[in-house]
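# Summary of structural features
Each chain, written out:
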Amino acid sequence: DSAGGSAKQGRDRKFQAILPLFGKVLNTERARIDQIIEFEKFKNLIIAVGAGIADQFNLDKLRYHKIIIMADADVDGSHIKCLYLTFFYRHMREVVEKGHVYVAMPPLYKIEHDKTAKYVYTDQERDQYVSSLNGKKVNIQRYKGLGEMNAEELWDTTMNPTNRILKLITVEDAARASEVISMLMGDDVPPRKRFIQAHARSATLDI
């Protein structure tokens, strides 16, 4: 919710609208349409997008050219992104097929030195940049969530079309997200157990 406030303050009102939908949402992989419509966050999202849902979907009524999912750059944020991509893939698939769905790529670190600030997006980028400074004194801030950025930082790094990095979501991306959600949150235990056993050693733990 705090990130929604910063995004509202930092946006360009001429062409950007913000819909804060904080926290985890319903898994729509096997949910009925009436359950989805009754779920408050999806109800608000459906109204905002303006094109309807499922059999009532009409792309001509789409109110925005870009639908951009902004979430924290941690494991919870990744989970939330997968849940929303599953929703779009299952119930508004045409917005994905026509290239209207994006994921914002916020920076993970802010590195300051000599009154200069640089934003980087991975641990590898951080290490490479710090090494290039040849031992200069630096201050490194890790952004666990979007809510840790003020309005100006969020605009500069994640919302400004000149600087931001967006990932265009393809049908393959959304289908993969749907498959992962189905496997990790579904009723079929053996595939989930095999996945955990196969990837446990490479897991990133956010403790």
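Numbering of residues starts from 1 in every chain and runs along the sequence as written. Local features in this predicted model are restricted to residues of pLDDT 70 or higher, and side-chain atom pairs are both shown and tallied only at a pLDDT of 80 or more, whereas totals for entire chains, interfaces and linings draw on every residue. Hydrogens are left out, water is left out, and the side-chain values use all remaining heavy atoms of the structure.

### Here we look at the sheet that holds strand S6 (residues 166-168)
Taken together, the three strands give an open sheet; going across it, the order is S1-S2-S6, and neighbouring strands pair in mixed fashion. The sheet terminates laterally at strand S1 (67-69) and S6, the two strands that pair on one side only. Each adjacent strand pair in this sheet contributes to an overall mean axis angle of 35°, direction not counted. Any two strands with at least two DSSP-identified bridges between them are counted as paired. The secondary structure listing takes helices from DSSP runs of H or I that are at least 4 residues long and strands from runs of E that are at least 2 residues long, numbered from the N terminus. Bridge analysis of S1 against strand S2 (residues 101-104) gives three bridges, and the strand direction is parallel. In this analysis, axes come from line fits to C-alpha atoms, helices being fitted only over the stretch in contact, and the angle between any two N-to-C directions falls in the range 0 to 180 degrees.

### Details of helix H4 (residues 75-91)
To estimate the expected span of a helix, count its residues, drop one, and scale the result by 1.5 Å. Over its 17 residues, H4 runs 24 Å from end to end, which matches the ideal 24 Å to within 8%, given 1.5 Å per residue. Three exposure classes are used, based on accessible area relative to the maximum for each residue type with a 1.4 Å probe and protein chains only: buried under 20%, partly exposed in between, and exposed over 50%. Here H4 has its buried residues at Gly77, Ile80, Lys81, Leu83, Tyr84, Leu85, Thr86, Phe87, Phe88, Tyr89 and His91.

### Considerations on the packing of helix H3 (residues 40-49) against H4
Put simply, H3 and H4 touch, their axes get as near as 13 Å, and they point 55° apart. By the angle between their axes, H3 is oblique relative to H4. H3 and H4 meet at a crossing whose hand is right-handed. Facing H3, whose interface residues are Phe42, Leu45 and Ile46, H4 presents Tyr84, Phe87 and Phe88. Residues are grouped as follows: nonpolar covers Ala, Val, Leu, Ile, Met, Phe, Trp, Tyr, Cys and Pro; charged covers Asp, Glu, Lys and Arg; every other residue, Gly included, is treated as polar. Split by residue class, the contact of H3 with H4 holds six nonpolar, no polar and no charged. Throughout this description, any angle smaller than 35 degrees is read as roughly parallel, any larger than 145 degrees as roughly antiparallel, any in the 65 to 115 degree range as roughly perpendicular, and the remainder as oblique. In this scheme the handedness of a crossing depends on how the near helix is turned from the far one: anticlockwise by less than a right angle means left-handed, clockwise means right-handed. Contacts are residue-level and defined by heavy atoms, with any inter-residue pair within 4.5 Å sufficient.

### Describing the environment of arginine 176
Among the secondary structure elements, arginine 176 is positioned in helix H8 (residues 171-185). A C-alpha to C-alpha distance of 8.8 Å links arginine 176 and threonine 86, two positions 90 residues apart in sequence.

### What to know about unusual backbone geometry
A negative phi holds for most residues other than glycine; trans holds for most peptide bonds. The backbone of alanine 54 sits at a positive phi, close to 55°, despite the residue not being glycine. Note that alanine 54 resides in the loop between H3 and S1. One non-glycine residue with positive phi stands out, namely aspartate 114, at about 50°. Turning to its location among the elements, aspartate 114 is positioned in the loop between strand S3 (109-113) and strand S4 (116-120).

### Regarding the pattern of salt bridges
As a working rule, side chains carrying opposite charge can pair if their charged atoms are close by. Counted as salt bridges are all cases of a side-chain nitrogen of Lys or Arg within 4 Å of a carboxyl oxygen of Asp or Glu. Enumeration according to the criterion identifies ten salt bridges in this entry. The salt bridge partner of glutamate 40 is lysine 43, with a shortest N-O separation of 3.9 Å. Within this pair, glutamate 40 and its partner lysine 43 are both found in helix H3, separated by three residues, close to a single helical turn. On the basis of relative accessible area, glutamate 40 is assigned to the partly exposed category, the value being 47%. A relative accessible area of 32% places lysine 43 in the partly exposed class. For lysine 136, the salt bridge is made with aspartate 114, and the minimal N-O distance between the two is 3.6 Å. With lysine 136 in the loop between helix H6 (123-132) and strand S5 (139-142) and aspartate 114 in the loop between S3 and S4, this pair connects stretches of sequence that are 22 residues apart. A relative accessible area of 53% places aspartate 114 in the exposed class. Via salt bridges that share partners, Lys110, Glu112 and Glu153 belong to a single interconnected network.

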